[in-house]
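Breakdown of the fold
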Amino acid sequence: MTDETYLDDLKTPTTGIDRRNLLKMTGAGVAALGTISIFDTMTAKAQDMSNGASNFYTSDRVTSQKVTFKTQYQTAVAGNLFLPKDMDQAAKNPAIIVGHPMGAVKEQSANLYATKMAEQGFVAMSIDLPFWGESEGQPRNVVSPEAYAEAFSAGVDFLGSQPSVDRQNIGAIGVCGSGSFVISAAKIDPRIKAVATVSMYDMGAAFRDALNKSQTVEQRKAFIATAAEQRWAEADGAGIQHIGGTTLELTAETDPIQREFYDFYRTPRGEFTPAGVTRETTTKPSLSSSVKFMNFYPFNDIETISPRPMLFISGDQAHSKEFSQEAYNRASEPKELVWVKGAGHVDLYDRVNLIPFDKLKGFFDQHLA
């Protein structure tokens, strides 16, 4: 495969970022994400629907249905199954599992990707990660990288049991944090035959080191200590506290990356509040569980996924681009890294004029024969 690709046929440049302040994770001011310099000084505007932003896209060429299936832990994962209307139900068809961004739910980005891939002829299924959305797990918004990875393997179990699916040709797409979770799953599940990530975040590195490795070990230890104190509080009967995620309102001090996420998660462009959850806690993991990410190293042994192929897609303006580059550097062939010229991190959640669906189609056509 081509080593590195630039996609530059974009209509307009996206909003860029000049500098990101430390994101306050707790009252003590511990930062999980650090300072990063990007490409220009413009800031995001609320509900920017440019470049075909279409998170809630539906298609008259696709049917959809809600599904649930069990993990090895016998907990239920919720999904939406998308089928091409013209699909030969008597044949064995290739299938793709799609995971949503960290802190999101399947209705945010994952449904869009699954619908678009179903339009291309694939059986496609978006899933809610455990503890999020309609999937089981209490308390809500818990961080559990192992459970997240298991959800992808459980999705393979489910799809592979469908009479219209070829269980030898099941792939996966992970958007944002799910990119690191699907890599974690694929390392120990060779049934995932091809892996694509989009705007990937290595959630382990993000919490250990922050963006551009701007967090010190002492800051990391301070955050861990704060989470441990919260765990004591919960053991003594206190309620769950949530951290990070997307701010609920913009102020003059809101940093550019938070503005980028706000434009998606806090406006009609992409906002979605699942049943039984308050808007105030959407996108926000629980404080006491978030330290689980410190032990999450998805890129260790990534080379063992070979000879199964990997495709990494990122905007060349994305604040998260370091993670796709690092994964690509460490992965073995066959692999490809695609830079979408002018695109930022969140742009590839829903901007259909920027997302290279043709590249994804070609990748899975080739490797899910």
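Given the structure is predicted, the values throughout are model-derived calculations rather than measurements.

**Focus: the overall build of the protein**
What the protein contains, in helices and strands, is 10 helices and 9 strands. Taking all 369 residues of the protein together, 60% fall into the buried category. Accessible surface, the protein as shown: approximately 14,600 Å² in total, 50% of it carbon and sulfur.

**Description of the packing of aromatic side chains**
Per the counting criterion, the structure on display carries 16 aromatic pairs. Ring centres of Phe 181 and Phe 293 lie 6.3 Å apart, and the angle between their planes is 5°; this geometry places the pair in the stacked category. Taken together, the residues Phe 181 in helix α3 (residues 178-188) and Phe 293 in the loop between α7 (287-290) and β8 (310-315) connect sequence positions 112 residues apart. When its relative accessible area of 0% is taken as the criterion, Phe 181 is described as buried. Consider the rings of Phe 207 and Phe 223, whose centres lie 6.1 Å apart with planes at 55°: the pair is tilted. Here Phe 207 is found in helix α4 (residues 203-208), whereas its partner Phe 223 is found in helix α5 (residues 217-235), with 16 residues between them in sequence.

**A closer look at the confidence of the model for the protein**
When pLDDT is averaged along the protein, the result is 90, and 88% of the positions lie at 70 or above. Overall, residues 9-45 carries pLDDT values under 50, and its contacts beyond four positions in sequence, including any with other chains, amount to 108 contacts.

**Regarding the pairing of strand β7 (residues 192-198)**
Among the 7 residues in β7, 6 count as buried, and that is most of the element. Two strands pair when backbone bridges link them, and strand β6 (residues 165-175) and β7 are joined in this way by 5 bridges, in the parallel orientation. Bridge pairing links Gly 174 to Thr 197 in β7. Handedness of the crossover is the feature at issue here: the chain leaves β6, passes through α3, returns alongside β7, and the resulting connection is right-handed. The pairing of β7 with β8 spans 4 bridges and is parallel. Bridging across to β8, Val 195 finds its partner in Met 310.

**What about the packing of helix α2 (residues 145-160) against α3?**
The N-to-C vectors of α2 and α3 enclose an angle of 65°; their axes lie 8 Å apart at closest approach. Judged by the angle between their axes, α2 and α3 are roughly perpendicular. Like other packed secondary-structure pairs, α2 and α3 cross with a definite hand, here right-handed. Judged by residue contacts, Tyr 148, Ala 149, Phe 152 and Ser 153 of α2 engage Ser 178, Phe 181, Val 182, Ser 184 and Ala 185 from α3. Of the residues contributing to the contact of α2 with α3, the split by class is 6 nonpolar, 3 polar and no charged.

**Some thoughts on the nonpolar core**
Within the largest apolar cluster, 99 residues are counted, with the highest numbers of intra-cluster contacts made by Tyr 113, Leu 159, Ile 173, Phe 312, Leu 360 and Phe 364. Ignoring anything within four residues of it in the chain, the contact list for Tyr 113 reads Val 98, Ile 173, Val 175, Val 198, Leu 348, Tyr 349, Ile 355, Phe 357 and Leu 360.

**Concerning the pairing of β8**
Taking burial as the measure, the 6 residues of β8 include 6 buried ones, the bulk of the element. With burial as the criterion, each face of β8 is covered, one bearing Met 310, Phe 312 and Ser 314 and the other bearing Leu 311, Ile 313 and Gly 315. Sheet analysis places β8 next to strand β9 (residues 335-340), joined by 6 bridges and oriented parallel. By the bridge assignment, Ser 314 is partnered in β9 with Trp 339. Viewed along the sheet, the connection from β8 through helix α8 (residues 321-330) into β9 turns out right-handed.

**Quick word on the pattern of salt bridges**
Following the criterion strictly, the structure yields 18 salt bridges and no others. With a shortest N-O distance of 2.9 Å, Arg 220 and Asp 209 are connected by a salt bridge. Here Arg 220 is found in helix α5, whereas its partner Asp 209 is found in the loop between α4 and α5, with 11 residues between them in sequence. A salt bridge links Arg 351 to Asp 347, with the nearest nitrogen and oxygen atoms 2.6 Å apart. Each of Asp 48, Asp 263, Arg 269, Asp 347, Asp 350 and Arg 351 takes part in a single network of salt bridges with overlapping partners.

Conventions we followed
Residues numbered from 1 in each chain as written. Predicted model: local features only at pLDDT ≥ 70, side-chain atom pairs only at ≥ 80, totals over all residues. Heavy atoms only, no water. Helix = DSSP H or I, 4+ residues; strand = E, 2+ residues; numbered from the N terminus. Buried < 20%, exposed > 50% of the residue type's maximum accessible area, 1.4 Å probe, protein only. Areas by Shrake-Rupley, 256 points an atom, 1.4 Å probe, with all protein chains shown as cover. Phe/Tyr/Trp six-rings, centres within 6.5 Å; stacked < 30°, edge-to-face > 60°. pLDDT = per-residue confidence, 0-100. Contact = heavy atoms within 4.5 Å. Pairing = 2+ DSSP bridges. Right-handed = clockwise from strand over helix to strand, strands pointing away. Axes fitted to C-alpha atoms, helices over the stretch in contact; angles between N-to-C directions. Parallel < 35°, antiparallel > 145°, perpendicular 65-115°, else oblique. Left-handed = near helix turned anticlockwise from the far one by under 90°. Nonpolar A, V, L, I, M, F, W, Y, C, P; charged D, E, K, R; others polar. Core = buried A, V, L, I, M, F, W, Y, C linked by side-chain atoms within 4.5 Å. Salt bridge = Lys/Arg side-chain N within 4 Å of Asp/Glu carboxyl O.

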